[in-house]
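Tertiary structure, described
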Amino acid sequence: MDKLKNNWFSEACEMWPGATFSFEVKKILHSEKSDYQDILVCESTSLGKVLVLDGIIQCTEKDEFSYQEMISFLPLCCHKNPEKVLIVGGGDGGVAREVAKHPKVKEIVQVEIDAKVIEVSKKYLPFMAVGFDSPKLKLHVGDGFEFMKNHSQEFDVIITDSSDPVGPAVNLFQENYFALMKSALRPNGIVCSQAGTVWNDLELVSNTLKFCKNQFPKATYGYATVPTYPSGQIGFVIGSLDSEIKFDEPQLVLTSEDEKAMNLKYYNSEIHKAAFVLPTFVKNHLA
């Protein structure tokens, strides 16, 4: 709440020193400290409802779909048959909402450590928490690390919807985490993790991709635009056990009818290909 002044919320973080993003607050809907983090939900004047964890914007009603769709459909559409999917994190329900749309997904397992985030999202963010209503979903409250240690070679796709690498989430950006995910995958399995933005921390992106490449025969970095995230962009590190995979060639190509039926607002098969076309300075640095 110390970041709220004169009805304006300002997001500042050590990851992007000297810069901030602000929005005008119409009303505070919920504020509490869970066992793991500070949780804030507010109604803004221009972005709709906003979820903030430990002072960092997690999603806004205006643009959340771009992140949720891309972190879900990039890996899902790279896989030939993603029948069983694990989501680590994602307590707002948005990723589950998108994963459930994929026609080949039969079972979704989600592990979220903070039950309060789930509870708050169901109450104030129903447009995202609808993901928890899918009959495909089995939701567990607990530690994703511990869960995967007990579920080896079980999943076709693992999606890690984490917060930024500050505090406990740092562990989800280390090589041992990619090794753990690898052990939980079936043959030709795919992982996809939130991996920051090249504009704020290119070294973080580079190191996270390096860790992924050390564990997977094929790995790459793609991105999406999300106006309310730092620098207006967010990236994803994707790794595959299939050494022949071509990440920029989706296995499931969607028609315009498919996009409408699945209520997709950002993802399509063309933007899938474009997500892996990187600026020259990024391409050279990650080579």
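Keep in mind the model is a prediction, meaning the values are calculated, not measured. (Residues numbered from 1 in each chain as written. Predicted model: local features only at pLDDT ≥ 70, side-chain atom pairs only at ≥ 80, totals over all residues. Heavy atoms only, no water.)

**Describing the overall build of the protein**
Where we set the bar: Numbering of helices and strands runs from the N terminus, with a helix taken as a DSSP run of H or I at least four residues long and a strand as a DSSP run of E at least two residues long. The globule rule used here is 2.2 Å times the number of residues to the 0.38 power, and the radius of gyration it is set against is calculated over C-alpha atoms. Think of it in three bands: with a 1.4 Å probe and only protein chains considered, a residue is buried below 20% of the maximum accessible area for its type, exposed above 50%, and partly exposed in between. Should any heavy atoms of two residues lie within 4.5 Å, those residues are counted as being in contact. Accessible areas in this description were obtained via Shrake-Rupley with a 1.4 Å probe; residue shielding takes into account the shown protein chains only. Asp and Glu count as negative and Lys and Arg as positive, but His and the ends of the chain are not part of the count. One atom stands in for each charge, and that atom is NZ of Lys, CZ of Arg, CG of Asp or CD of Glu.
The helix and strand inventory of the protein stands at 10 helices and 13 strands. Taken against the 2.2 N^0.38 rule, which gives 19 Å for 287 residues, the C-alpha radius of gyration of the protein at 18 Å falls within 12% of a compact globule. Its C-alpha atoms give the protein principal-axis dimensions of roughly 55 × 45 × 40 Å. Counting only residues that meet the buried cut, the protein has 55% of its 287 residues in that class. When contacts within the protein are restricted to residue pairs at least 6 apart in sequence, long-range pairs at least 24 apart make up 66% of them. As displayed, the protein offers around 12,600 Å² of accessible surface, 49% of which is attributable to carbon and sulfur atoms. Within the protein, the 38 negative side-chain charges are centred at a point lying 3 Å from the centre of the 29 positive side-chain charges.

**Some remarks on the UniProt feature "active site" (unreviewed entry) in the protein**
The test is simple: UniProt positions are given in the numbering used here, feature names are shortened, and annotations may be inferred rather than shown by experiment.
In the numbering used here, UniProt assigns the "active site" (unreviewed entry) feature to Asp161. When sequence neighbours within four positions are dropped, the list of residues in contact with Asp161 reads Tyr67, Gln68, Ile71, Val88, Gly89, Gly90 and Val95.

**Overview of the nonpolar core**
What counts, and what does not: The nonpolar core is taken to be a set of buried Ala, Val, Leu, Ile, Met, Phe, Trp, Tyr and Cys residues, with the residues joined through side-chain atoms within 4.5 Å.
Residues Met70, Leu74, Val99, Phe236 and Tyr267 are the most contacted members of the largest nonpolar core, which totals 39 residues. Where this core is concerned, the elements lending two or more residues are helix 1 (64-78), strand 7 (84-89), helix 2 (94-99), strand 10 (155-161), strand 11 (185-194) and strand 13 (233-240). Per-element accounting of this core gives the leading share, 9 residues, to helix 1. Discounting residues that sit within four places of it in the chain, Met70 has contacts with Pro75, Tyr223, Ala224, Phe236, Tyr266, Tyr267, Ile271 and Ala275.

**A short note on the sheet that holds strand 12 (residues 218-225)**
Put simply, the rule is: Pairs of strands are assigned from DSSP output, requiring at least two bridges between the strands. Angles shown run from 0 to 180 degrees and are taken between the N-to-C directions of axes, each axis being a line fitted to C-alpha atoms and, for helices, limited to the stretch in contact.
As summarised here, the arrangement of the 7 strands in space is 9-8-7-10-11-13-12, forming an open sheet in which the pairing is mixed. Sheet topology places strand 9 (137-141) and strand 12 at the edges, where each strand pairs with a single neighbour. For this sheet, the mean angle separating the axes of adjacent strands, direction not counted, is 15 degrees. With 5 bridges joining them, strand 7 and strand 8 (residues 107-112) adopt parallel strand pairing. Residue Lys84 lies in a different strand from strand 8, and its bridge partner there is Glu107. Running over the sheet, helix 7 (residues 202-215) touches strand 11, strand 12 and strand 13 and is turned about 145 degrees from strand 12.

**Concerning the pattern of salt bridges**
We apply this condition: Take a side-chain nitrogen of Lys or Arg and a carboxyl oxygen of Asp or Glu: if they are within 4 Å of each other, that pair is a salt bridge.
This model, assessed by the stated rule, comprises 12 salt bridges. Across the pair Lys84 and Glu107 runs a salt bridge, and its minimum N-O distance is 3.9 Å. Remark: Glu107 occurs in strand 8 and Lys84 occurs in strand 7; sequence separation between them is 23 residues. Owing to a relative accessible area of 11%, Lys84 belongs among the buried residues under this scheme.

**Brief notes about the pairing of strand 11**
Taken across its 10 residues, strand 11 has 7 buried, putting it largely inside the fold. The pairing of strand 10 with strand 11 spans 5 bridges and is parallel. Bridging from a neighbouring strand, Phe155 pairs with Leu185 of strand 11. Where strand 11 and strand 13 come together, 5 bridges link them in antiparallel fashion. Counted as the bridge partner of Val191 is Gly239 from strand 13.

**Regarding the sheet that holds strand 4 (residues 38-44)**
The strand order across the open sheet built from 6 strands is 1-2-3-4-5-6, with neighbouring strands paired in antiparallel fashion. The open sheet has two free edges, formed respectively by strand 1 (4-5) and strand 6 (56-60), since each of these has just one partner strand.

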